[in-house]
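# Secondary and tertiary structure notes
One letter stands for each residue in the lines below.
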Number of protein chains: 2
Amino acid sequence: MSGVLDCIESPADVRRLSPSELSTLCDEIRGHLIKAVTKTGGHLGPNLGFVEATVALHHVFDFPTDKLVFDVSHQCYTHKMLTGRKRAFVDPAYYNEFTGFTNPDESEYDLFRAGHTSQAVSLACGLAKSRDLLGQEHNVIAVLGDGSLSGGEAFEGLDNAAVVGSNIIVVFNDNEMSIAPNAGGVYQNLAELRRTHGTCKNNFFRTLGLDYQYVEDGNNVNALVDAFAQVRNIDHPVVVHIHTKKGKGLDWAENNPEKAHSIPPASKSVSGPTYQQLTRDYLLQKLQEDPSVVVVNAGAPSGVGLTPEFRQACGTQFVDTGITEQHAVAFSAGLARGGAKPVFMVMATFAQRAFDQFVQELGLNCSPATVLVFGAGFYDIDATHAGTMDIVMTSNVPGITCLAPATREEYLAMIDWSIEQTERPVVIRVPEKVLLGSAEAFEPKRPCGWHVNRRGSKTAFLSLGSSLELAQEAADLLEQQSGVRASIVEALSYSSFDEPLLDSLLEDHSLVITLEAGILCGGFGEKVARYYGATPMRVLCYGGKKEFLDRVPTEDFFRIYHFTAEDIVRDIQSLSL
Amino acid sequence: MSGVLDCIESPADVRRLSPSELSTLCDEIRGHLIKAVTKTGGHLGPNLGFVEATVALHHVFDFPTDKLVFDVSHQCYTHKMLTGRKRAFVDPAYYNEFTGFTNPDESEYDLFRAGHTSQAVSLACGLAKSRDLLGQEHNVIAVLGDGSLSGGEAFEGLDNAAVVGSNIIVVFNDNEMSIAPNAGGVYQNLAELRRTHGTCKNNFFRTLGLDYQYVEDGNNVNALVDAFAQVRNIDHPVVVHIHTKKGKGLDWAENNPEKAHSIPPASKSVSGPTYQQLTRDYLLQKLQEDPSVVVVNAGAPSGVGLTPEFRQACGTQFVDTGITEQHAVAFSAGLARGGAKPVFMVMATFAQRAFDQFVQELGLNCSPATVLVFGAGFYDIDATHAGTMDIVMTSNVPGITCLAPATREEYLAMIDWSIEQTERPVVIRVPEKVLLGSAEAFEPKRPCGWHVNRRGSKTAFLSLGSSLELAQEAADLLEQQSGVRASIVEALSYSSFDEPLLDSLLEDHSLVITLEAGILCGGFGEKVARYYGATPMRVLCYGGKKEFLDRVPTEDFFRIYHFTAEDIVRDIQSLSL
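Of regular secondary structure, chain A possesses 24 helices and 16 strands. For 577 residues, the compact-globule formula gives about 25 Å, and the C-alpha radius of gyration of chain A, at 26 Å, lands near that figure. Projecting the C-alpha coordinates of chain A onto the three principal axes gives extents of approximately 80 × 50 × 50 Å. Taking as baseline every contact in chain A between residues at least 6 positions apart, the subset at least 24 positions apart corresponds to 78%.

Okay, here's the thing in structure tokens:
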């Protein structure tokens, strides 16, 4: 291999390239992206569409003196290749060396860790204001796109960018898609802008007071270079609307933009039933039986298993609100108040965007909506997408009933109860691994009651949801090693205590072990510790530390957190009770 | 008094009125509002501006069959007067009978409790979708306004309303103001729309795919009746943009729209220094010394003491981002990354909107921004504005340092340390009552260290921030009654433990009492209970229950929560240790 990319060690090398070399560079990068990402997995489509724009930005601007902020940042692969990290994309030995998002720990060219959407313009406003206060003069560029325009924060940022009054360049990457097809009225205006090559009178960006330019072929690197050169050193905020093709250059990705948005590693295969499949099957039947049931998602259907086929089968009983978690929760509250039966399906990490709506629209208003939280717990994932804060942000809110099933049967019984009840918002923490059991543990007549799986003495394991398996293993090991036959209690809800049960344990137990797949701070175990605080009962809590785990293999942090039967039993035995 | 209002018992009576009676009714209502609200306090300006629109809505539509949703809902006083609750505004004996926000517990005409902004359209989308699924045919009306258009959720809602595709009527109340003067680029477009009587080609609402109508005189009830009658039973979403006058009909309020936005009861007077004043004085000096310090607020300056005079004195070192908490936090992160020193001042209740930005933009990115949280703790306030969730939403986030000063000197030392450090985001929980002390308790070299105020034995009081006074009282009472001279520890930070200190207490203490002015669930005391969980130390936690307190006098819930020296000492004495 001897190409242009070989000579690129830093952005300075990109700035020197001729127009034809720029084109060649883009082709080479695209080739490597296709080869690498189809093997490693990752955000394939978004990156294929943003090759030329990234090369053009690095050709025209002078980073890191100029400042570049990516929204979502999952489309930063080309940026990484141009800023000293190309081996992670060209040499299989280094595939997976870097994270799939911008990360200041990796490079001075990465200003923020960003994995949620719609915040780039707000961050850029801060960088611009800071520059102006400090009397500096560089360009500040925000990359906004891939569906994130629908997020309210993007609007807040654009609306404020207009009044910063100095240099901010917003590159709006319009690939006609979000993760899934775009949802929302503003996308009609984008279509009109594309149709008129940016000349139509009614212009969303201009209504916010922003200057505006349009580039029809956003995958033509030299057209982009011209456009960016025109706005370089501009003295006011401007939006450069570029029309790109998601998945560009790979037929399969171009034709399957949703599937190609983010793909799993080639080596990964899933076997057996999943909660996504179980949920689809259950809901499809439920929707058919009851026309008032409606499934709501906020622009990220793939993460919760809402396949295109399922969405189509739901018809008008499915609503994708776009990337709008705040709206989606309030919308669900409105649906519930109107008499419909909403089921909002969301990833734990993205639910964070709607904390206030959980408090106000769900909790305070006692809105009988059902929220299914997927991806909660410990996963080997980028820190930006960690799903460990959900217990904090739901279980501490007055008025919300939080349920944690351990088995398939409990899960299905809980959804069904939740959809049919009309008194309160219910959050169900969906486990990852499907365990079989019986539905009896969940008693609809006392939905917040806990279930004694095994009555023993001295030590009680109190497991939240999916931790039941670990509780059983640890209890068995303890019995084997010390002869103590411990109790095992399934905490099926984590928004309140089963007080009679906790009180009964005081009679013949001296130690309670809590287990939860989430951070301990603000979580479930702490509440149990407080409950027993004034009693002789000892409480040991197992869960995660308050930290951001970044792509740590699951087994590793299970070990670090003593989240294994061996560690737990060893800890128990080392206690002097 | 014998007027039109006398004959209004329910909205049905409003529907029957003639044009001239409608005008008379508005005048009468306005007279009562001025008389009542200047005495009781409340949202004076917003309600004076929205009298005619409310009367017109009730004349044209058929509530509660048709559905009315208020954004913010602090402009609902006229609505309350027309829906069976007028005596609370016309008879001093019943002033304060109802809350200042919509509340379904009060009336079937109130669909939601709403106190934060920008959610009405989202709720209305849910009501509309629910109506369509259930085959119903009523109108759904959302009232949006008084500055809440800048909030991202309003954009999300409008963007989605456009694609609901059936009847949604958004009454956009444009009074040219937010709580403070409007901030953001879209307000230029609103000005252009007003100037052109809604005819200019570039139209924010139309870019979102929404139909649009303009009413120039939004305080002319019959013009509004005509406009609303035109859109009644419309088959698609429409925005009716009405131009109103905030404070209409009261010269002082018209001329002082910010001060008249929300006024205190006539009987209330404040004496002595406040943390708002202390903060202004400190910051003003700091800003002058250091041009990189910048004060940020999100559209609610009055709640945190950012007076117009102070804002003017700050010059370019003050930014009001409008009602945009998400943006404001990300903006602060951007400022910090760019080298400026941001101080974001926010009410605890509104900070909830930015939970994800606390996690991602502050915590994950280690952004050295300072956040001053006002209004945190127990206040006699409407449940929609409770400030009891802040400990949950900041102290459990990895990477954020949370500080709780008890005294003026600690507070000032903490702000100064926080602004100057460059390593981490810092949240300072501003107390209500100004206590004097010395700055020594806070040690900048170990900012998360706690301070032993008094070393005793057996029992230790561990007080968070403003609870120090209660800890001292309780300790004194305990000594007086039982002879036990307890330790008093100031927990100056609540994001981590002072572990050596906690461990040292194990030597000669058997009971730790935690005190915090916030809900216990997910809070400070629980963490202490977990820390000591496996030890013989008993822990009793004092704070709030997980519940929404609605205008409960402070003394009452102090009593309910045993948050008094007498109760605490009694509890200690009843423990069998």
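So that's the structure; there's more coming.
Residue and element names in this part refer to chain A. Running from N to C, helix 2 (residues 19–40) and helix 4 (residues 51–60) point in directions that differ by 135 degrees, and their axes come no closer than 10 Å. Between helix 2 and helix 4, the angle is such that the two are oblique. Here helix 2 and helix 4 pass one another in a crossing that is right-handed. Counting all contacts with helix 2, which are made through Leu22, Leu25, Cys26, Ile29 and Arg30, the residues of helix 4 involved are Val51, Glu52, Val55 and His59. Of the residues contributing to the contact of helix 2 with helix 4, the split by class is six nonpolar, one polar and two charged.

For sheets, the rule is that strands pair by backbone hydrogen bonds, running either parallel or antiparallel. Residue and element names in this part refer to chain A. Reading across the sheet, the five strands line up as 12-14-13-15-16 and stay open at both edges, with mixed pairing between neighbours. Every other strand in the sheet has two partners, leaving strand 12 (451–454) and strand 16 (538–544) as the edge strands with one partner each. Within this sheet the neighbouring strands show an average axis-to-axis angle of 25 degrees, counted without direction. Bridge count for strand 15 (residues 509–519) against strand 16 is six bridges, and the pairing is parallel. The residue of strand 16 that forms the bridge with Leu515 is Tyr542. Most of the contacts of helix 21 (residues 499–508) go to strand 15, to which it runs at about 140 degrees, and overall it touches strand 13 (458–464), strand 14 (487–491) and strand 15.

Least-squares fitting of chain A to chain B yields an RMSD of 0.1 Å, with the transformation described by 0.0 Å of translation along the axis and a rotation of 180 degrees. Taken together, these values place the two copies in the relation of a two-fold axis. The fraction of interface residues of chain A whose copies in chain B are also interface residues reaches 100%, indicating that both copies meet through the same surface.

Bringing the interface of chain A and chain B into the picture now. On the chain B side, the residues contacting the 96 residues of chain A number 96 residues. If you tally residues by element for the side of chain A that touches chain B, the top one is helix 7 (residues 120–133) of chain A, at ten residues. Broken down by class, the residue content of the side of chain A that touches chain B amounts to 42 nonpolar, 36 polar and 18 charged.

Along the chain, Phe172(B) falls in strand 3 (residues 168–174). Residues contacting Phe172(B), with those up to four places away along its chain left out, are Leu144(B), Gly145(B), Val239(B), Val240(B), His241(B) and Ile242(B).

This paragraph deals with the packing of helix 13 (residues 275–289) of chain B against helix 19 (residues 408–420) of chain B. Residue and element names in this part refer to chain B. Where helix 13 contacts helix 19, the two axes come as close as 11 Å, and the packing angle between them is 35 degrees. Both helix 13 and helix 19 take part in a crossing whose hand is right-handed. Taken together, the residues of helix 19 that come into contact with helix 13 (itself represented by Tyr275, Leu278, Tyr282 and Lys286) are Arg408, Tyr411, Leu412, Ile415 and Ile419. Taken together, the residues of the contact of helix 13 with helix 19 sort by class into seven nonpolar, no polar and two charged.

Regular strands have side chains that alternate between both faces of the sheet. All names here are of chain B. When strand 4 (residues 211–215) meets strand 5 (residues 237–243), the two strands line up parallel, connected through five bridges. Following the sheet pairing, Tyr212 is matched in strand 5 by Val239. Between the parallel elements strand 4 and strand 5, the chain passes through helix 11 (residues 221–231) in a crossover that is right-handed.

Before going further, it helps to examine the pairing of strand 3 (residues 168–174) of chain A. The element strand 3 of chain A is largely enclosed, with a buried count of seven among its seven residues. Residues Ile168(A), Val170(A), Phe172(A) and Asp174(A) of strand 3 of chain A are buried on one face, and the alternating residues Ile169(A), Val171(A) and Asn173(A), pointing to the opposite face, are buried as well.

On to the sheet that holds strand 2 (residues 140–145) of chain B, then. Residues and elements named next belong to chain B. Judged by pairing direction, the sheet is parallel, and its five strands sit side by side in the order 1-2-3-5-4 without closing on themselves. Looking along the sheet, the strands with just one partner apiece sit at the ends: strand 1 (67–70) and strand 4. Put simply, the sheet's adjacent strands are angled 20 degrees from each other on average, direction ignored. By the bridge criterion, four bridges tie strand 1 to strand 2 in an arrangement that is parallel. Note that in strand 2 the partner of Leu68 across the bridge is Ile141. Running at roughly 145 degrees to strand 3, helix 8 (residues 152–164) makes contact with strand 2, strand 3 and strand 5 of the sheet.

On to helix 19 of chain B. Residue and element names in this part refer to chain B. Helix length check: helix 19 (13 residues) gives 19 Å between terminal C-alpha atoms against 18 Å at 1.5 Å per residue, within 8%. Every buried residue belonging to helix 19 is among Glu410, Tyr411, Ala413, Met414, Ile415, Ser418 and Ile419, and all of these are buried. Packing partners of the buried residues in helix 19 comprise helix 13, strand 6 (293–297), strand 8 (341–347), strand 9 (370–374), strand 10 (401–403) and strand 11 (426–429).

Our next topic: the environment of Glu440(A). Residue and element names in this part refer to chain A. Here Glu440 shows up in the loop between strand 11 (426–429) and strand 12. The class for Glu440 is exposed, based on 10 C-beta atoms found within 10 Å. Linking Glu440 and Pro368, residues 72 residues apart in sequence, is a C-alpha distance of 23 Å.

On to the environment of Phe497(B), then. Residues and elements named next belong to chain B. Here Phe497 is to be found in the loop between strand 14 (487–491) and helix 21 (499–508). Residue Phe497 is classed as partly exposed on the basis of its 18 C-beta neighbours within 10 Å. Measuring from C-alpha to C-alpha, the distance between Phe497 and Ala36 comes to 49 Å, with 461 residues separating the pair along the chain. Excluding residues within four positions of it along the chain, Phe497 makes contact with Leu502, Lys527 and Tyr531.

Of note, the bond from Phe63(A) into Pro64(A) is cis; its omega dihedral lies within 30 degrees of zero at 5 degrees. Positive phi, close to 45 degrees, is recorded for Cys366(B), a residue that is not glycine. With respect to the secondary-structure elements, Cys366(B) resides in the loop between helix 17 (355–364) and strand 9. Its 19 C-beta neighbours within 10 Å are what place Cys366(B) among the partly exposed residues.

Rules of the game
Residues numbered from 1 in each chain as written. Chains lettered and ligands numbered in written order. Predicted model: local features only at pLDDT ≥ 70, side-chain atom pairs only at ≥ 80, totals over all residues. Helix = DSSP H or I, 4+ residues; strand = E, 2+ residues; numbered from the N terminus. Rg over C-alpha atoms; globule rule 2.2 N^0.38 Å. Contact = placed C-beta atoms within 7 Å. Axes fitted to C-alpha atoms, helices over the stretch in contact; angles between N-to-C directions. Parallel < 35°, antiparallel > 145°, perpendicular 65-115°, else oblique. Left-handed = near helix turned anticlockwise from the far one by under 90°. Nonpolar A, V, L, I, M, F, W, Y, C, P; charged D, E, K, R; others polar. Pairing = 2+ DSSP bridges. Least-squares fit on C-alpha atoms with pLDDT ≥ 70 in both. Right-handed = clockwise from strand over helix to strand, strands pointing away. Buried ≥ 20, exposed ≤ 12 C-beta atoms within 10 Å, placed from the backbone. Expected span 1.5 Å × (residues − 1).

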